[in-house]
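Residues per chain, in single letters:
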Protein chains: 2
Amino acid sequence: MSSTSQRARSGEAGAAADTRERIVRSASRLFQRQGYEASGIKLIAREADATLGSVYHFFPGGKEQLAVAAIRHGEEEFADMLRAGLEGDADAARAVEAFCGELATALRKSDWADGCPVTTTALETLGRVPAIQEACQGALRCWQEVIADKLRRSGFAAEEAGELSATVLSTLEGAETLSQIHRSEQPLRAAGRHLAVLLGAVHAE
Amino acid sequence: MSSTSQRARSGEAGAAADTRERIVRSASRLFQRQGYEASGIKLIAREADATLGSVYHFFPGGKEQLAVAAIRHGEEEFADMLRAGLEGDADAARAVEAFCGELATALRKSDWADGCPVTTTALETLGRVPAIQEACQGALRCWQEVIADKLRRSGFAAEEAGELSATVLSTLEGAETLSQIHRSEQPLRAAGRHLAVLLGAVHAE
DNA sequence: ACGCCTCTGGAACGAACGCTCTAGTCAGAC
DNA sequence: GTCTGACTAGAGCGTTCGTTCCAGAGGCGT
């Protein structure tokens, strides 16, 4: 993962690697908040306290390569949040509902700005930038697998868990978008309740 | 260009209105496919067989005003599709599932390009262009009301229909996005099946 | 016939875009 | 010391952006 050997120094903790990560984090946050096209590389660099030279040093592939890195960063960040959130309750239905509540609270706290870290970029570049689309596919697959794993450990059959996890993720994504646009926790809260009902109904079969 | 004399030939009353509508349709389709920021006004005009002068004549408020008109156009278009699709079956659960199938087929036929006509633009401009955000809120509210109406006519209590319609729309939006990114009908098909289960479970209570 | 008004066509503007380029700084290897 | 390679800094490239502006074209009331 680390690029070279110059981070062996521990005192200042790899200034270069640190710059790279600041750039990725800045890009990820800007893409999440206002999308790919509206986030200029110069702005990304400024927000990361870096310069254009640094950006193109670490990402010679330009904005596209930076976007792929940013998507992957968002993938891991949200996967961690998802795993942690679903651990709270042994019952999958209650865990999913609780996670919707967490998502709603976090979204409101960011003034409805920090939604899904990949959806906006994914929709903007669909069918036009294959590398970005593949990164987004990977992120969604990762999150879906986290959900499917929780469902399986909660007693769902493997095949059923695979299909249900797709719908759970779809509903989470859609409800998050609706909550952002309406500036209201209601869509996410309703989604949580109804996903719990759905999981309960399927489980009872 | 033969466009100089086409008006004299047709002699129809709405020649100007026709240009305006071509511009709106072109804008709506481009915003739907590649978002607000990536769709330049010059490209919109070209695709509509219009000129910059025409665009700024009909939309002196510039790109923002054009976007609002495009969103409203998409709102009506999708509302019609939703109403027609839900009419197919008296039972709301089966109607919703069938509509998911229609959506999936249409999406595949467009090579996964023609998704929700407002989501991309909405996410890109969230919190930065109030007029566009309000138009998007209006579109979502309209579609949700179409769904809620179907649920009420299908025997759901008014309050329940209001909440359920939010989740149905969330799931539709999210599943459409997932289908586009994965280039697969599967997320939409699964969403349809599970929404039918959910509506059945709530109805049985 | 005339002027009036709506609508069209496109040149031009400043700003911002992604990106390239070169000069410079700095740490460690020799 | 000198060299080397990784990293920083930012001026500047060509292009495209949204927008403005104005000179016409066409239909219409008079």
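My aim in this report is to walk through the structure given alongside it, one point at a time. Since the model is a prediction, treat every value here as computed from it, not as a measurement.

What follows deals with the overall build of chain A. Helix and strand counts for chain A stand at nine helices and zero strands. Ordered by position from the N terminus, the helices and strands of chain A form the series α-α-α-α-α-α-α-α-α. At a minimum sequence separation of 6, the contacts of chain A that also span at least 24 residues come to 68%. Averaging the locations of the 23 positively and 29 negatively charged side chains of chain A gives two centres separated by 6 Å.

Right, let's talk about the interface of chain A and chain B for a bit. Across the contact, 43 residues belong to chain A and 43 residues belong to chain B. A per-residue breakdown of the area chain A buries against chain B is headed by Leu123, Ile181 and His194 of chain A, which together make up 18% of the total. Linking chain A with chain B are two salt bridges. For the pair chain A and chain B, the interface holds eleven residue pairs in polar contact (both at pLDDT 80 or more). Listing elements by their share of the side of chain A that touches chain B, those giving two or more residues are helix H1 (15–34), helix H6 (119–125), helix H7 (130–153), helix H8 (158–182) and helix H9 (186–204) of chain A.

All right, on to the protein's contact with DNA strand D then. Within the structure, DNA strand D sits among 19 residues, and Thr19 and His57 of chain A together with Ile41, Tyr56 and Lys63 of chain B are positioned closest to it. Counting only the atoms of DNA strand D that lie within 4 Å of the protein, the sugar and phosphate share comes to 61%. Here a phosphate oxygen of DNA strand D and a side-chain polar atom of lysine 63 of chain B are 2.6 Å apart. Contributing elements (two or more residues each) for the surface near DNA strand D: H1 and helix H3 (52–58) of chain A together with helix H3 (41–47), helix H4 (52–58) and helix H5 (62–86) of chain B. Here the surface near DNA strand D gets four residues from one element, more than from any other, and that element is H3 of chain A. Split by residue class, the surface near DNA strand D holds six nonpolar, ten polar and three charged.

Side chains that differ in charge, positive against negative, can pair when their charged atoms come close. Residue and element names in this part refer to chain A. Taken as a whole, this structure holds 28 salt bridges over all chains when the rule is applied. Between arginine 22 and aspartate 18 there is a salt bridge, with its nearest N and O atoms 3.1 Å apart. In this pair, arginine 22 and aspartate 18 are both assigned in helix H1, four residues apart and thus about one turn of the helix distant. On the basis of relative accessible area, arginine 22 is assigned to the partly exposed category, the value being 26%. One salt bridge connects aspartate 114 with arginine 33, and the closest N-O pair in it is separated by 2.5 Å. Pair noted here: aspartate 114 is in the loop between helix H5 (92–109) and H6 and arginine 33 is in helix H1, with a separation of 81 residues, a long-range link. Overall, the relative accessible area of 24% leaves aspartate 114 in the partly exposed class.

A separate point is the relation of the copies chain A and chain B. Superposition of chain A onto chain B requires a rotation of 180 degrees combined with a translation of 0.0 Å along the rotation axis, giving an RMSD of 0.0 Å. Viewed as a symmetry operation, the transformation between the two copies matches a two-fold axis. Both copies contact each other with a shared surface, as 100% of the interface residues of chain A are interface residues in chain B too.

The next point concerns the protein's contact with DNA strand C. Residues in close proximity to DNA strand C total 19 residues, the closest being Ile41, Leu52 and Lys63 of chain A together with Thr19 and His57 of chain B. Of everything in DNA strand C that lies within 4 Å of the protein, sugar and phosphate atoms constitute 61%. In this structure, isoleucine 41 of chain A approaches DNA strand C through a main-chain N or O atom, which is 2.9 Å from a phosphate oxygen. At 2.7 Å, a side-chain N or O of lysine 63 of chain A approaches a phosphate oxygen of DNA strand C. Breaking the surface near DNA strand C down by element, the ones donating at least two residues are helix H2 (41–47), H3 and helix H4 (62–86) of chain A together with helix H2 (15–34) and H4 of chain B. Within the surface near DNA strand C, the residues separate by chemical class into six nonpolar, nine polar and four charged.

Residue and element names in this part refer to chain B. Packing of helix H6 (residues 92–109) against helix H9 (residues 158–182) leaves a shortest axis separation of 11 Å and a crossing angle of 25 degrees. It follows that H6 is roughly parallel to H9 by the angle criterion. Relative to H9, H6 is oriented so that their crossing is right-handed. Contacts between H6 and H9 pair Val96, Phe99, Cys100, Leu103 and Leu107 from the former with Val168, Leu172, Glu176, Ser179 and Gln180 from the latter. In terms of residue class, the contact of H6 with H9 is made up of seven nonpolar, two polar and one charged.

Turning our eyes to something else, we now look at unusual backbone geometry. Negative phi is the rule for most residues except glycine; trans is the rule for most peptide bonds. Residues and elements named next belong to chain A. Non-glycine residue aspartate 49 carries a positive phi angle of around 55 degrees. Among the structural elements, aspartate 49 can be located in the loop between H2 and H3. Using a relative accessible area of 66% as the deciding quantity, one classes aspartate 49 as exposed. Notably, arginine 183 is not glycine yet its phi reads approximately 50 degrees, a positive angle. Among the secondary structure elements, arginine 183 is positioned in the loop between H8 and H9. For arginine 183, a relative accessible area of 38% corresponds to the partly exposed category.

Rules used throughout
- Residues numbered from 1 in each chain as written.
- Chains lettered and ligands numbered in written order.
- Predicted model: local features only at pLDDT ≥ 70, side-chain atom pairs only at ≥ 80, totals over all residues.
- Heavy atoms only, no water.
- Helix = DSSP H or I, 4+ residues; strand = E, 2+ residues; numbered from the N terminus.
- Contact = heavy atoms within 4.5 Å.
- Lys, Arg positive; Asp, Glu negative; His and termini not counted.
- Charge placed at Lys NZ, Arg CZ, Asp CG, Glu CD.
- Buried area = accessible area lost by both parts, 1.4 Å probe.
- Salt bridge = Lys/Arg side-chain N within 4 Å of Asp/Glu carboxyl O.
- Polar contact = N/O pair within 3.5 Å; in protein donor to acceptor, adjacent residues only side chain to side chain.
- Near = heavy atom within 4 Å.
- Nonpolar A, V, L, I, M, F, W, Y, C, P; charged D, E, K, R; others polar.
- Buried < 20%, exposed > 50% of the residue type's maximum accessible area, 1.4 Å probe, protein only.
- Least-squares fit on C-alpha atoms with pLDDT ≥ 70 in both.
- Axes fitted to C-alpha atoms, helices over the stretch in contact; angles between N-to-C directions.
- Parallel < 35°, antiparallel > 145°, perpendicular 65-115°, else oblique.
- Left-handed = near helix turned anticlockwise from the far one by under 90°.

Worth remembering: the numbers are spatial, not functional.
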